[in-house]
Amino acid sequence: MSGPVDDRVESIANLASLRIDVREGRAAEVGGMGIMRVLPTKGRRLIGPWCFVDLMSPEDVANPDPMEVGPHPHIGLSTVTWLFEGEALHTDSLGSEQVIRPGELNLMTAGHGIAHAELEVRTGSQHAAADYVKGAQMWLAQPEETRHGGSSFHHHKDLPIAQMAGGEAQVLAGTFAGATSPIVSDWPVVGAELRLQSGAVEAGLDPDFEYGVVPIDRRIRVDDVIVEPGSIAIIPTGFEQLRVESEAVAGRVMVIGGKPFPDRVQMWWNFVARTREEITTAWRDWQSHNDDRFAPVQSKLLRIDAPRPFWVGDD
Ligand code: MN
């Protein structure tokens, strides 16, 4: 990779990538619950190791869908569950049983295989919109070194909050605005919830990381770029400073990022792998109740059947 032509092409490519790009998410459905998926999005699979970002923010606030996701499997990823409102009960095939509330983090690492269920906990009035779960369900792809290994579940209650001029940031993973999360990650990563109070907030970025900025409830400005809720601003490597401004009123914003992930991942249903063959095997193991790989989950919800991968013929 040398010579004048290659150098020129590369420098043009670098120039083109040194800007913030905005992509729209799309509405989807998980276990009957309406969600907004901002990653993966058109032309973009990963931001650092983050390979999946779903926002549970029902459009119809008066009549939202409950969060009821029956037992289902995962491989090759860590799930990061983060709530803005409501409470949910997590159970998994390791025997974990954990209620999660806003400001707390559930980190579940699948490795070779895990299964879990998530059920909304109704508190207070059944009809108060504030009782319903809103939050983010996000996945981290596991690197080659750990993705075939064991599974784990950790609940974190006391994540650090960095006070900033104009707001604060609670740090889920990695280091942001000078505060560092206690979670242990398989790959260099950052995740934070920015709570804007007034004006703009500024934070230093790691120029070796790429970032995604996701407005939750307000239109924001990321540097000079307007970003609507339901979209994601993608910041390439090389940026050293982030400036986020909420228009007129306070706002909630998720910031994700990490060192660019080297592998091309293959994602299908709840599985993150590298090849279709690996996914086919995981699909068969789940459908055939292979308890060595996916042990039973305590839940009153029904086990979710995996759809047949389109590349697998009828048996
Ligand atoms: Mn799941």
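A. Structural context of the overall build of the protein. Across its full length, the protein carries 3 helices and 26 strands. For the protein, with 315 residues in total, the buried portion stands at 50%. If you take every contact in the protein between residues at least 6 apart in sequence, the share linking residues at least 24 apart comes to 70%. Of the roughly 14,500 Å² that the protein leaves accessible, carbon and sulfur atoms contribute 49%.

B. View of the sheet that holds strand S11 (residues 134-141). A sheet is described by the order of its strands in space; here 7 strands give the open sequence S2-S3-S4-S11-S6-S9-S12, paired in antiparallel fashion. Two strands lie at the open edges of the sheet, namely strand S2 (26-30) and strand S12 (152-156), each paired on one side alone. Averaged over all adjacent pairs, the angle separating strand axes in this sheet is 25 degrees, with direction ignored.

C. Spatial organisation of the coordination of the manganese ion. Within the protein, the atoms that donate to the manganese ion are His72 (NE2), His74 (NE2) and His116 (NE2), at distances of 2.1 to 2.2 Å. Considered as a linear motif, the donors of the manganese ion on their single chain read H-x1-H-x41-H. Each member of the pair, His72 as well as His74, is classed as buried.

D. The arrangement of helix H3 (residues 276-287) in detail. When the terminal C-alpha atoms of H3 are compared, their 16 Å separation across 12 residues agrees well with the 16 Å that a helix rising 1.5 Å per residue should span. Those residues of H3 that sit buried are Ile279, Thr280, Ala282, Trp283, Asp285 and Trp286. Residues of H3 that are buried sit in contact with strand S5 (68-74), strand S10 (114-121), strand S25 (266-268) and strand S26 (271-273).

E. Summary view of the packing of aromatic side chains. Under the criterion given, the structure shown has 9 aromatic pairs. Seen from their ring centres, Phe209 and Tyr211 are 6.1 Å apart, and the 45 degrees between their planes marks the pair as tilted. On the basis of relative accessible area, Phe209 is assigned to the buried category, the value being 12%. Seen in terms of ring centroids, Trp268 and Trp269 are 6.4 Å apart; in terms of plane orientation they differ by 50 degrees. Their pairing is tilted. Among the aromatic residues, ring-to-ring pairing joins Trp268, Trp269, Phe271, Phe310 and Trp311 into one connected group. We note Arg303 situated over the ring of Trp286; from NZ or CZ to the ring centre the distance is 3.6 Å.

F. Geometry of the environment of Asp208. In this fold, Asp208 is placed in the loop between strand S18 (200-204) and strand S19 (210-215). Once the C-alpha coordinates of Asp208 and Phe239 are considered, the two residues, 31 residues apart in sequence, prove to be 8.3 Å apart. Asp208 has contacts with Thr237, Gly258, Lys259 and Pro260, leaving out every residue within four places of it along the chain.

G. Quick look at the confidence of the model for the protein. With 89% of its residues at a pLDDT of 70 or more, the protein shows a mean pLDDT of 90. Counted against residues more than four places away or in other chains, residues 1-8, with its pLDDT under 50, gives 2 contacts.

H. Focus on the side chain of Arg274. Note on placement: Arg274 falls in the loop between S26 and H3. There is a polar contact of 3.0 Å between the side chain of Arg274 and the side chain of Asp263. Setting aside anything within four residues of it in sequence, one finds Arg274 in contact with Gln142, Pro143, Glu144, Arg147, Phe261, Asp263, Arg264, Val265 and Gln266.

I. Quick peek at the environment of Val272. Along the chain, the position of Val272 falls in strand S26. Since its relative accessible area comes to 1%, Val272 is described here as buried. Each C-alpha atom of the pair Val272 and Gln142 lies 8.3 Å from the other, and the pair is 130 residues apart in sequence. Those residues in contact with Val272 that lie beyond four places of it in its chain are Cys51, Ile75, Gly76, Leu77, Trp139, Ala141, Val265, Gln266 and Met267.

J. Representation of the nonpolar core in the model. Judged by nonpolar contacts, the single largest core of 27 residues is most densely connected at Phe176, Leu194, Val213, Val222, Ile235, Leu242 and Val244. The element contributing the most residues to this core is strand S17 (residues 189-196), with 4 residues. Setting aside chain neighbours within four positions, we find Leu194 in contact with Met164, Glu168, Ala169, Phe176, Val201, Val244, Gly251, Arg252, Val253 and Val255.

K. Geometry of the sheet that holds S10. Taken in spatial order, the 4 strands of this open sheet run S5-S10-S7-S8, and their pairing is antiparallel. If you trace the sheet from one side to the other, it starts and ends with S5 and strand S8 (97-100), each paired once. Strand-to-strand twist of the sheet, defined as the mean angle between neighbouring strand axes without regard to direction, takes the value 20 degrees. Strand direction decides the pairing type here: S5 and S10, joined by 5 bridges, are antiparallel. Paired with Glu68 across the two strands is Leu119, which belongs to S10.

Each value, and the rule that gives it
- Residues numbered from 1 in each chain as written.
- Predicted model: local features only at pLDDT ≥ 70, side-chain atom pairs only at ≥ 80, totals over all residues.
- Heavy atoms only, no water.
- Helix = DSSP H or I, 4+ residues; strand = E, 2+ residues; numbered from the N terminus.
- Buried < 20%, exposed > 50% of the residue type's maximum accessible area, 1.4 Å probe, protein only.
- Contact = heavy atoms within 4.5 Å.
- Areas by Shrake-Rupley, 256 points an atom, 1.4 Å probe, with all protein chains shown as cover.
- Pairing = 2+ DSSP bridges.
- Axes fitted to C-alpha atoms, helices over the stretch in contact; angles between N-to-C directions.
- Donors = N, O, S within 2.8 Å, 3.2 Å for Na, K, Ca; no water.
- Expected span 1.5 Å × (residues − 1).
- Phe/Tyr/Trp six-rings, centres within 6.5 Å; stacked < 30°, edge-to-face > 60°.
- Lys NZ or Arg CZ within 6 Å of the ring centre and 35° of its normal.
- pLDDT = per-residue confidence, 0-100.
- Polar contact = N/O pair within 3.5 Å; in protein donor to acceptor, adjacent residues only side chain to side chain.
- Core = buried A, V, L, I, M, F, W, Y, C linked by side-chain atoms within 4.5 Å.

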